[in-house]
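# Inside the fold
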Amino acid sequence: MGWFARARAGGSTALAEDGLSALTLLAVLEEAVSHLSAAESLLERCAVAGEPGHPVGVRPADRRLGAADARQGLRLRIAFTQLSRWLDGMTCDPEQEPLRADASRLLRFYLLMVTYALDAAFTPPARQHIAIRGGHSGAAGRLVELRDLARAAAE
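Residues numbered from 1 in each chain as written. Predicted model: local features only at pLDDT ≥ 70, side-chain atom pairs only at ≥ 80, totals over all residues. Heavy atoms only, no water.

### Notes on the pattern of salt bridges
- As enumerated under the stated definition, the model contains 11 salt bridges in all.
- Residue R151 is joined to E30 by a salt bridge in which the shortest nitrogen-to-oxygen separation is 2.3 Å. Linking R151 in helix α5 (residues 138-154) with E30 in helix α1 (residues 21-34), this pair joins segments that are 121 residues apart in sequence.
- Taking relative accessible area as the criterion, E30 reaches 28% and is therefore assigned partly exposed.
- A salt bridge links E97 to R100; the nearest nitrogen and oxygen atoms lie 2.6 Å apart. Within this pair, E97 and its partner R100 are both found in helix α4 (residues 97-122), separated by 3 residues, close to a single helical turn.
- For E97, a relative accessible area of 30% gives the class partly exposed. (Salt bridge = Lys/Arg side-chain N within 4 Å of Asp/Glu carboxyl O. Helix = DSSP H or I, 4+ residues; strand = E, 2+ residues; numbered from the N terminus. Buried < 20%, exposed > 50% of the residue type's maximum accessible area, 1.4 Å probe, protein only.)

Below is the structure:
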């Protein structure tokens, strides 16, 4: 077991039996949603290839990434990894399981997007083979929607 789950005395009992699963799911989704604007902003700043009017790999001076962007990306990667592991390690009520599974999938999606966007942004232009497009993806809206559903279930 990782840091996100712990064995209990007397065997493994489900978190759902404690009546905390809805609140835990809500807390994790609240935390995930709090990172969305930073993640979307970073993805947008990392977008280079495929933009109209910009040759692949050429970044205008005002859009160059630096150490602060790399640190922000690392913080986001750590946050999305921890939240995804937390969700993967929890047991929910059957009616909340689809929310938990969707949220976990979306967190792993953001983890991959941030990872590949940073890789593409800091890779020399000759080695870029992918174009990361940030922006207002459907994943952000879906994560907010899942948070709202978890909030309604917790009330």
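Structure shown, so let's carry the discussion forward.
### A look at helix α3 (residues 67-89)
- If you check α3, its first and last C-alpha atoms are 33 Å apart, about what 23 residues at 1.5 Å a residue would give, namely 33 Å.
- Considered for burial, the residues of α3 that qualify are D69, Q72, G73, L76, A79, F80, L83, S84 and L87.
- Of the surrounding elements, those touching the buried residues of α3 are α1, α2 (36-46) and α4. (Expected span 1.5 Å × (residues − 1). Contact = heavy atoms within 4.5 Å.)

### Examining the packing of aromatic side chains
- One pass over the structure, following the stated rule, counts 2 aromatic pairs.
- Ring pairing ties together the aromatic residues F80, F109 and Y110, which thus form one cluster. (Phe/Tyr/Trp six-rings, centres within 6.5 Å; stacked < 30°, edge-to-face > 60°.)

### Observations regarding the confidence of the model for the protein
- Averaged over the protein, the pLDDT score is 76; the fraction of residues at 70 or greater is 68%.
- When pLDDT is averaged over each helix and strand of the protein, the minimum, 83, is found for α5 and the maximum, 93, for α3.
- Within the model, pLDDT remains below 50 along residues 126-135, and this stretch shows 27 contacts once partners closer than five positions in the same chain are excluded. (pLDDT = per-residue confidence, 0-100.)

### Some words on α2
- Along α2, the residues classified as buried are L36, A39, E40, L42, L43 and C46. Considered in projection along α2, the buried side chains sweep an arc of 160 degrees and stay on one side of the axis.
- Elements in contact with the buried residues of α2: α1, α3, α4 and α5. (Arc of directions from axis to C-beta.)

### Concerning the nonpolar core
- Ranked by size, the top nonpolar core spans 33 residues in total, and within it Y110 and L143 carry the most contacts.
- The greatest single-element share of this core, amounting to 10 residues, is contributed by α4. (Core = buried A, V, L, I, M, F, W, Y, C linked by side-chain atoms within 4.5 Å.)

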